[in-house]
Amino acid sequence: MTEKGLREVVAAATSISDIDGARGRLWYVGYDIHDLAENATYEEVVHLLHTLHLPNRGELDALTDFMVEEREVSRFLREVMPTLAQQTSPMSMLRTSVSAASAYDPDGWDNSAEANERKAYRLIAKTPTLLAMYHRMRTGQEIVPPNPKLPHAASFLAMLLGEEPSQEDADVLDTTFTLYADHTMNASTFTARIIASTLADMFSAITGAIAALKGPLHGGANEEAMKMLEEVGSPERAEAYVADRLERKQKIMGFGHAVYKTMDPRAIVLKKLSKEAGERHDDPRWYEISEAIERTVTEQKGLHANVDFYAASVYHVLGIPTDLMTPIFAIARMAGWTAHVREQYADNRVIRPDSDYVGPRRQSYVPIEERR
Ligand SMILES: CC(C)(COP(=O)(O)OP(=O)(O)OC[C@H]1O[C@@H](n2cnc3c(N)ncnc32)[C@H](O)[C@@H]1OP(=O)(O)O)[C@@H](O)C(=O)NCCC(=O)NCCS
């Protein structure tokens with residue numbers, strides 16, 4: 001029988017990203033994540049994941065222009081947003097909005113490769129606007145339209161917080177988007193590829209991916225990590241907190257990984273960003289608590305931080321509310337999800353695994369009156 005959770009099962013061939021879990025390495029199309037985090041913009045990464053090469057200046061300008069044009073959302077979504085802002089969690093809003101966005105996509109139900117390329121870039125472009133709009137509405141603040149002069153990440157922060165971010169904050173957010181952009185066959189990407197493999201449309205596949213990301217064992221961990229930092233409150237309390245949780249066999253969110261057996265390479269970058277951003281904002285406390293927790297968890301349980309752990313303190317000092325941390329993961333991962341959906345369509349076979357039957361056999365039907 002296959003190991004529970006499909007570990008080690010290869011579900012698809014991909015040219016998009018690759019992981020070496022033992023050594024803690026991650027590559028997008030052969031480029032080391034550290035190299036990309038240091039040097040590439042999120043827009044370049046979007047191009048890389050979708051076309052399998054880094055863009056030249058002309059290609060980058062064309063992609064950026066298209067995405068800037070597509071940042072506005074349809075009237076339909078603007079009309080349903082007040083209800084979603086009042087009644088739903090941010091991840092449920094995103095899931096519902098992406099599903100609803102299919103109604104007004106200019107390419108309609110066209111499932112050609114060209115239409116899917118445009119749908120992919122539209123989804124990447126529009127989802128930050130949806131999230132910012134949702135947050136402004138639920139907090140009774142005026143909606144801030146996308147700023148065509150700002151890059152993708154900076155425009156999102158401006159729409160969310162109502163003021164143009166500093167270059168440093170914009171750069172930090174952009175780097176986190178790059179780090180979250182793709183991650184091989186994780187649960188949400190697999191979900192998207194399964195849906196795409198039935199030849200259902202791009203919006204259906206991405207709606208499913210958002211649903212899979214919602215759970216605390218996947219994307220939800222960054223929010224849980226932030227709540228933990230708040231609960232711990234000071235670095236001195238980290239040791240007792242961790243010991244108590246481990247004693248009660250409870251998980252420490254933001255630690256452990258299905259693939260990495262050492263520190264997640266994205267967490268290495270985020271740890272540095274957390275320290276720098278904390279100091280720059282005169283709010284180093286969250287980094288200090290995080291660092292104390294990390295040291296204790298590694299000492300006591302031998303577990304390493306994953307991407308979600310240091311993302312929490314980074315987002316917090318940028319002024320991002322805790323319950324928007326998972327949706328931000330989603331808007332960044334939109335690049336990878338849509339690239340995987342397109343890759344699935346390009347060389348498709350319906351994904352249909354087998355199961356090991358472990359229930360009873362040779363049973364005979366008993367009329368209901370004779371059943372105990
Ligand atoms: C990511 C995760 C789901 C990977 O799960 P997995 O590969 O199935 O690993 P397992 O759950 O089998 O864990 C193996 C052991 O480590 C323990 N463990 C794993 N992650 C742990 C954590 N975060 N805190 C405490 N113990 C943990 C398990 O309890 C298990 O211990 P045991 O052998 O004594 O039963 C898991 O590490 C986890 O739940 N982490 C917290 C949530 C999180 O941060 N998710 C974001 C992932 S990017």
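On a predicted model such as this, the values are computed, not experimentally measured, just so you know.

Would you take a moment to explain the overall build of the protein for this structure?
Within the protein, the secondary structure is distributed over 16 helices and three strands. Taken over the C-alpha atoms alone, the protein extends approximately 70 × 55 × 45 Å along its principal axes. Across the 372 residues in the protein, those meeting the buried criterion constitute 52%. Pairs at least 24 apart in sequence give 75% of the contacts found in the protein among residues at least 6 apart. Within the structure as shown, the protein displays about 18000 Å² of accessible surface, and the carbon and sulfur contribution to it stands at 49%.

Please clarify how the side chain of His-50 should be interpreted in this entry.
Position of His-50 among the secondary structure elements: in helix 2 (residues 42–51). Judged by relative accessible area, which is 11%, His-50 ranks as buried. A distance of 3.1 Å separates a polar atom in the side chain of His-50 from the backbone oxygen of Ala-335. For His-50, the side chain forms a polar contact with the main-chain nitrogen of Ala-339, separated by 3.4 Å. The contacts of His-50, once residues within four sequence positions are left out, are Ala-120, Tyr-121, Ile-124, Ala-335, Thr-338, Ala-339 and Arg-342.

Is there a simple way to think about the packing of helix 14 (residues 285–301) against helix 15 (residues 307–317) in this case?
Between two packed helices, the angle of one axis relative to the other and the distance separating the axes together describe the packing. For the pair helix 14 and helix 15, interaxial distance at closest approach is 10 Å and the crossing angle is 170°. Taken together, helix 14 and helix 15 sit at an angle that is classed as roughly antiparallel. On helix 15, the residues that touch Trp-286, Tyr-287, Ser-290, Glu-291, Ile-293 and Glu-294 of helix 14 are Phe-309, Tyr-310, Ser-313, His-316 and Val-317. Of the residues in the contact of helix 14 with helix 15, the class split is six nonpolar, three polar and two charged.

When you look at the environment of Ala-100 in this model, what are you seeing that I'm missing?
Of note, Ala-100 is situated in helix 5 (residues 90–101). Taking the C-alpha atoms as reference points, Ala-100 and Thr-207, 107 residues apart in sequence, are found 9.5 Å from one another. Once residues within four sequence positions are removed from consideration, Ala-100 is found in contact with Phe-76 and Leu-77.

I'm lost on the site of the ligand in this one. Help?
Inspection of the region around the ligand gives 17 residues, with Arg-7, Ile-252, Gly-254, Phe-255 and Asn-306 positioned closest. A distance of 3.3 Å separates a nitrogen atom of the ligand from a polar atom in the backbone of Leu-217. Lys-251 is positioned with one of its side-chain polar atoms (N or O) 3.0 Å from an oxygen atom of the ligand. The fraction of the free accessible surface of the ligand (860 Å²) that becomes covered by protein chains is 65%.

Teacher, can you tell me more about the pattern of salt bridges here?
Should their charged atoms come close, side chains of opposite charge can pair. In this structure the tally under the stated criterion is 18 salt bridges. The shortest N-O distance in the salt bridge between Glu-79 and Arg-75 comes to 3.1 Å. Remark: Arg-75 and Glu-79 occur in helix 4 (residues 75–87); sequence separation between them is four residues, near one turn of the helix. The class for Arg-75 is exposed, based on a relative accessible area of 61%.

Just checking my understanding: could you explain the nonpolar core for this structure?
Across soluble globular proteins, you tend to see nonpolar side chains buried next to one another. Formed by 103 residues in total, the largest nonpolar core has its most connected members in Phe-177, Ile-293, Tyr-315 and Ile-320. Take this core: its biggest share by element is 12 residues, from helix 16 (residues 325–346). The contact partners of Tyr-315, leaving out residues within four places of it in the chain, are Leu-173, Thr-176, Phe-177, Tyr-180, Ile-320, Met-325 and Ile-328.

Would you mind going over the pairing of strand 1 (residues 17–20) with me for this structure?
Look at any regular strand and the pattern is simple: side chains alternate between the two faces of the sheet. When strand 1 meets strand 2 (residues 25–28), the two strands line up antiparallel, connected through four bridges. Residue pairing for strand 2: Ser-17 is matched across the bridge by Tyr-28. Between the antiparallel neighbours strand 1 and strand 2 lie four residues, among them Gly-24 with a positive phi of about 70°.

Sorry, what's going on with the sheet that holds strand 2 here?
Strand pairs in the sheet, formed through backbone hydrogen bonds, run parallel or antiparallel to each other. An order of 1-2-3 is seen for the three strands of this open sheet, with the pairing classed as antiparallel. Single-partner strands in this sheet number two, and they are strand 1 and strand 3 (31–32).

Just checking my understanding: could you explain the packing of aromatic side chains for this structure?
Pairs of aromatic rings are described using the distance from one ring centre to the other and the angle between the two planes. Summed over the entire model, instances satisfying the criterion amount to eight aromatic pairs. Relative to Tyr-310, the ring of Tyr-287 lies with its centre 6.2 Å away and its plane at 35°, an arrangement referred to as tilted. You can see Tyr-287 sitting in helix 14 and its partner Tyr-310 sitting in helix 15, a full 23 residues away along the chain. We classify Tyr-310 as buried; its relative accessible area is 0%.

Which parts of the structure should I look at to understand helix 13 (residues 265–280)?
Along an α-helix, residues three or four positions apart point the same way, because every turn accommodates 3.6 residues. Between its terminal C-alpha atoms helix 13 stretches 23 Å, which fits the 22 Å expected from 16 residues at 1.5 Å a residue. For helix 13, the set of buried residues is Pro-265, Arg-266, Ala-267, Val-269, Leu-270, Leu-273, Ser-274, Ala-277 and Gly-278. Considering only its buried residues, helix 13 is in contact with strand 2, helix 1 (33–39), helix 8 (167–180), helix 14, helix 15 and helix 16.

In this structure, what is going on with the environment of His-47? I would like to understand it.
Following the sequence through the fold, His-47 ends up in helix 2. Note on His-47: relative accessible area 6%, which makes it buried. With 13 residues separating them in the primary sequence, His-47 and Leu-60 have C-alpha atoms 7.4 Å apart. Once residues within four sequence positions are removed from consideration, His-47 is found in contact with Leu-52, His-53, Leu-54, Pro-55, Glu-59 and Leu-63. Among the polar contacts listed, one links the side chain of His-47 to the backbone oxygen of His-53, at a separation of 3.0 Å.

Explain unusual backbone geometry here, please?
Glycine aside, a negative phi is what most residues show, and trans is what most peptide bonds show. Notably, Val-29 is not glycine yet its phi reads approximately 50°, a positive angle. Among the structural elements, Val-29 can be located in the loop between strand 2 and strand 3. Even without glycine at this site, Asp-282 takes up a positive phi of about 60°. For Asp-282, a relative accessible area of 70% corresponds to the exposed category.

About the cut-offs
- Residues numbered from 1 in each chain as written.
- Predicted model: local features only at pLDDT ≥ 70, side-chain atom pairs only at ≥ 80, totals over all residues.
- Heavy atoms only, no water.
- Helix = DSSP H or I, 4+ residues; strand = E, 2+ residues; numbered from the N terminus.
- Buried < 20%, exposed > 50% of the residue type's maximum accessible area, 1.4 Å probe, protein only.
- Contact = heavy atoms within 4.5 Å.
- Areas by Shrake-Rupley, 256 points an atom, 1.4 Å probe, with all protein chains shown as cover.
- Polar contact = N/O pair within 3.5 Å; in protein donor to acceptor, adjacent residues only side chain to side chain.
- Axes fitted to C-alpha atoms, helices over the stretch in contact; angles between N-to-C directions.
- Parallel < 35°, antiparallel > 145°, perpendicular 65-115°, else oblique.
- Nonpolar A, V, L, I, M, F, W, Y, C, P; charged D, E, K, R; others polar.
- Near = heavy atom within 4 Å.
- Salt bridge = Lys/Arg side-chain N within 4 Å of Asp/Glu carboxyl O.
- Core = buried A, V, L, I, M, F, W, Y, C linked by side-chain atoms within 4.5 Å.
- Pairing = 2+ DSSP bridges.
- Phe/Tyr/Trp six-rings, centres within 6.5 Å; stacked < 30°, edge-to-face > 60°.
- Expected span 1.5 Å × (residues − 1).

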